[in-house]
Structures are given as structure tokens and as C-alpha cells.
Amino acid sequence: MGFMQQLSDDQTALLGCFFALAAAGLVMSLSYYIGRRNDSAQPQTRRLTLPQNEQSRSGKAA
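Residues numbered from 1 in each chain as written. Predicted model: local features only at pLDDT ≥ 70, side-chain atom pairs only at ≥ 80, totals over all residues. Heavy atoms only, no water.

Turning next to the overall build of the protein chain. Within the protein chain one finds three helices and zero strands. Along the protein chain, from the amino end to the carboxyl end, the secondary structure elements read α-α-α. Looking at the 62 residues of the protein chain, the share that counts as buried comes to 2%. Entry remark: accessible area of the protein chain is about 6400 Å², with carbon and sulfur atoms responsible for 59%. (Helix = DSSP H or I, 4+ residues; strand = E, 2+ residues; numbered from the N terminus. Buried < 20%, exposed > 50% of the residue type's maximum accessible area, 1.4 Å probe, protein only. Areas by Shrake-Rupley, 256 points an atom, 1.4 Å probe, with all protein chains shown as cover.)

With that settled, consider the packing of aromatic side chains. Per the counting criterion, the structure on display carries two aromatic pairs. Note on Tyr 32 and Tyr 33: the rings are 5.1 Å apart at their centroids and 75° apart in plane angle, and the pair reads as edge-to-face. Taking the relative accessible area as the measure of exposure, Tyr 32 reaches 47% and is therefore partly exposed. For Tyr 33, a relative accessible area of 56% corresponds to the exposed category. (Phe/Tyr/Trp six-rings, centres within 6.5 Å; stacked < 30°, edge-to-face > 60°.)

Attention shifts here to a nonpolar patch on the surface. The grouping of Leu 26, Leu 30 and Ile 34 at the surface amounts to a nonpolar patch, some 280 Å² of accessible area in total. Relative to the elements of secondary structure, Leu 26 occurs in helix α2 (residues 9-41). Given the relative accessible area of 52%, Leu 26 is considered exposed. (Patch = residues over 30% accessible without salt bridge, like charges linked within 9 Å, V, L, I, M, F, W, Y side chains within 5 Å. Salt bridge = Lys/Arg side-chain N within 4 Å of Asp/Glu carboxyl O.)

As a further point, take the confidence of the model for the protein chain. For the protein chain, per-residue confidence averages 81 on the pLDDT scale, and residues scoring 70 or more make up 74% of the total. Element-level mean pLDDT values for the protein chain span from 64 in helix α3 (residues 54-58) up to 90 in α2. (pLDDT = per-residue confidence, 0-100.)

Take a look at the structure:
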């Protein structure tokens with residue numbers, strides 16, 4: 001810990017910011033890979049389209 005006592009306040013702040021950014025990037029990376037793994041485990045859902053009548057296509061209200 002002697003190294004930390006030799007640093008100025010600005011250098012300590014920069015070092016803290018670097019570690020905070022590195023930790024945020026690590027969490028973001030882990031979140032991405034965990035999310036992709038969970039997406040592949042769930043079945044894919046498909047969207048079904050319903051047939052429309054002529055009035056709803058033309059935009060006229062009943």
C-alpha cells in the first residue's frame with residue numbers, strides 16, 4: 001500500500017475512475033454473455049397476424 005500513499009489526489013482519482021470503468025465494462029460484458037445464453041434456452045415465440053377487414057385497412061371508423 002506504499003504505492004497508494006505516493007500518489008497525488010488527482011492520480012488517485014484517475015486510478016479510481018479507471019477501476020470503476022473497468023468494473024462497469026466487466027459487468028456489461030458478463031451481462032451480455034449471460035443474456036445470450038438465457039435467450040437460447042427459451043423457446044422462440046412467433047407473432048401471428050390477424051386478418052383485417054376492409055374498413056380497418058382504409059382507416060374508416062364504424
